[in-house]
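Structural overview
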Amino acid sequence: MGIIAVKGTNDIYNEQAEGINYIEELFSAVCNLYGYRRMDTPILEYTEVFDRSSGDSSDVVRKEMYTFLDKGNRSVTMRPEFTAGIARCINEHKLYATEELPIKAFYYGPAFRYERPQLGRYRQFLQAGVECVGVDSARFDAETICLAVSFLQMLGFEQVKIKINSLGDEASRKAYREALTSYFSAHIDSMCEDCHERIKLNPLRILDCKVPHDHELAEGAPKMKDYLTPESEKRFYQTLSILADNGVDYEVDDSLVRGLDYYSEVVFEVSVLSSAGQDYGAVMGGGHYDGLLSALGGPQMAGVGFAFGLERLYLLMKDKGLLGEPEGLDIYLMPVGEGVLDEAFALAQIVRSLGFSCFLPDKSGKLGSQFKKAERRKAKFALILGEEELSRGVAQLKNMKTQVQKEINLEDIEDELDEAFGESQHHHHEE
């Protein structure tokens, strides 16, 4: 066997590549509706971008980053997530001073986590998301959640569920951390190694522990809502009422924390339900943050965002039959006889320049086998060019679905194709 892909990475091709491309295009379109613009940051950042932004207690920083020294002996990291890089970009280019606020950025591309590969989770994975930075407002928090819900509904998910919680402001979290520390200190001897670290660094992390015994203990822990300052409580209910007024279903989940330390105030997860009401688990998560830009040396500015994994969303769409048929080829061009190959090549170029996808084989073949190949490529039309047709300046155009074939004039190819595709669409809608 030859060389294979690095463990925990995967190749994306054929139907999966088309499906993921469809998700990216729709995401891009929905983000544009909400006034977001694309932002691309480098895959490679200085390690301190993530050390300073994510907080030392997050599992991402402690265990999961691809970090190494480059040839200049500088510590660099392949991005484990996008938010910190976007915050660094806003700081570095002083976008907070030159752009109208809030800055609304969306992104998609590869991210890297050195974690144990498991079903649907890869060490290199595709992530997409949004960041809305520069205005501290419950309305923008709510709008971000509305964007997430709109996007999933446009993909075809009918039942979308929001779990939401508030982590409060700095004063709320300080009081809550103290309450958690005193609660878990009484039980820490029976808890996992990671929780021994978490209680020292950030006891909120323990609420996220997946070890069954620790998870049970966490269920009996004090709840954040009992420690919210009046300001944070008011803000939380303002966000909830905007969601309710706009028909967004949500459920307040006291145990919800996010995996990165920069979050404050509203945090949320979005899941989708099957037609039978089964919860497929969270497909995207996000929340509000306050100290991220300042942690990276910029001004004190709030932001809110969410992210999702494209591979996981693709698998869910496939499972629910939401991807539809892969888009086929517009035209399969069939040269009949070796003498027409040069003219067929020139004709293929003209067809493509008119905006139609076109496949041209590199040699002439029997019509029967060419039709089979055209079917395999899901071609809508076959364009047949023989020596006799060429001498008269015509070709045969066959609708692969209706099997109707007609002669078309090559001088008027643009009008002829527009008319044929128009009729084909009309026929399709009538069905």
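Look a little higher up for the structure.
The present account deals with the structure reproduced in this document. Quick caveat, the model's predicted, so the values are computed rather than measured. (Residues numbered from 1 in each chain as written. Predicted model: local features only at pLDDT ≥ 70, side-chain atom pairs only at ≥ 80, totals over all residues. Heavy atoms only, no water.)

We now examine the nonpolar core. Residues Phe27, Phe151, Leu152 and Phe308 are the most contacted members of the largest nonpolar core, which totals 47 residues. For this core, the leading source of residues is helix 6 (residues 138-155), giving 10 residues. Those residues within four positions of Phe27 in sequence are excluded, and the remaining contacts are Phe106, Tyr107, Tyr108, Ala128, Gly129, Val130, Leu147, Phe151, Phe306 and Phe308. Formed by 46 residues, the second largest nonpolar core is a distinct cluster that contains Ile86, Ala111, Ile188 and Leu204. (Core = buried A, V, L, I, M, F, W, Y, C linked by side-chain atoms within 4.5 Å. Buried < 20%, exposed > 50% of the residue type's maximum accessible area, 1.4 Å probe, protein only. Helix = DSSP H or I, 4+ residues; strand = E, 2+ residues; numbered from the N terminus. Contact = heavy atoms within 4.5 Å.)

What follows covers the environment of Asn246. Within the element layout of this structure, Asn246 appears in the loop between helix 10 (230-245) and strand 8 (250-252). Between the alpha carbons of Asn246 and Glu143 there is a distance of 10.0 Å; along the sequence they are 103 residues apart.

Quick look at unusual backbone geometry now. The step from Leu101 to Pro102 runs through a cis peptide bond, and the omega angle for that step is 0 degrees. The phi torsion at Asn73 lies on the positive side, around 65 degrees, for a residue other than glycine. Counting through the fold element by element, Asn73 comes out in the loop between strand 3 (66-69) and strand 4 (75-78). For Glu265, which is not glycine, the phi dihedral falls at a positive 55 degrees. With respect to the helices and strands, the residue Glu265 is situated in strand 9 (residues 263-273).

Turning our attention to helix 12 (residues 310-319). Buried within helix 12 we find Leu310, Glu311, Leu313, Tyr314, Leu316 and Met317. Positive phi appears at Gly321, one or two residues downstream of helix 12, with a value of about 65 degrees.

Direction vectors running N to C along helix 1 (residues 14-33) and helix 6 enclose 135 degrees, while the axes themselves pass 10 Å from each other. Taken together, the axes of helix 1 and helix 6 lie oblique to each other. In this structure, helix 1 crosses over helix 6, and the sense of that crossing is right-handed. Here Tyr22, Ile23, Leu26, Phe27, Val30, Cys31 and Leu33 of helix 1 lie close against helix 6, whose contacting residues are Leu147, Ser150, Phe151, Met154 and Leu155. The residue inventory of the contact of helix 1 with helix 6, partitioned by class, reads 11 nonpolar, one polar and no charged. (Axes fitted to C-alpha atoms, helices over the stretch in contact; angles between N-to-C directions. Parallel < 35°, antiparallel > 145°, perpendicular 65-115°, else oblique. Left-handed = near helix turned anticlockwise from the far one by under 90°. Nonpolar A, V, L, I, M, F, W, Y, C, P; charged D, E, K, R; others polar.)

Another aspect to go through is the sheet that holds strand 2 (residues 44-46). Pairing is antiparallel across the open sheet formed by three strands, whose spatial order is 2-4-3. Of all strands in the sheet, those with a lone pairing partner are strand 2 and strand 3, marking the two edges. Going across the sheet, the axis of each strand differs from the next one's by a mean of 35 degrees, ignoring polarity. With four bridges joining them, strand 3 and strand 4 adopt antiparallel strand pairing. Counterpart to Tyr66 in the pairing with strand 4 is Met78. (Pairing = 2+ DSSP bridges.)

The full count for this structure, using the stated rule, is 14 aromatic pairs. Note on Tyr332 and Phe359: the rings are 5.3 Å apart at their centroids and 40 degrees apart in plane angle, and the pair reads as tilted. Highlighted residues: Tyr332 in strand 12 (residues 331-336) and Phe359 in strand 13 (residues 358-359), separated in sequence by 27 residues. On the accessibility criterion, Tyr332 (1% relative accessible area) is buried. (Phe/Tyr/Trp six-rings, centres within 6.5 Å; stacked < 30°, edge-to-face > 60°.)

Moving on: the sheet that holds strand 16 (residues 405-409). Strand order in the open sheet formed by five strands is 13-12-14-15-16, and the pairing between neighbours is mixed. A single partner strand is all that each edge strand has here, and the edge strands are strand 13 and strand 16. Where strand 12 and strand 13 come together, two bridges link them in parallel fashion. When the bridges of strand 13 are listed, Ile331 appears paired with Cys358. Helix 13 (residues 341-353) contacts strand 12, strand 13 and strand 14 (381-386) of the sheet and is inclined by roughly 165 degrees relative to strand 12. The sheet contacts of helix 14 (residues 367-376) involve strand 12, strand 14 and strand 15 (394-399), and relative to strand 12 the element is tilted by about 165 degrees.

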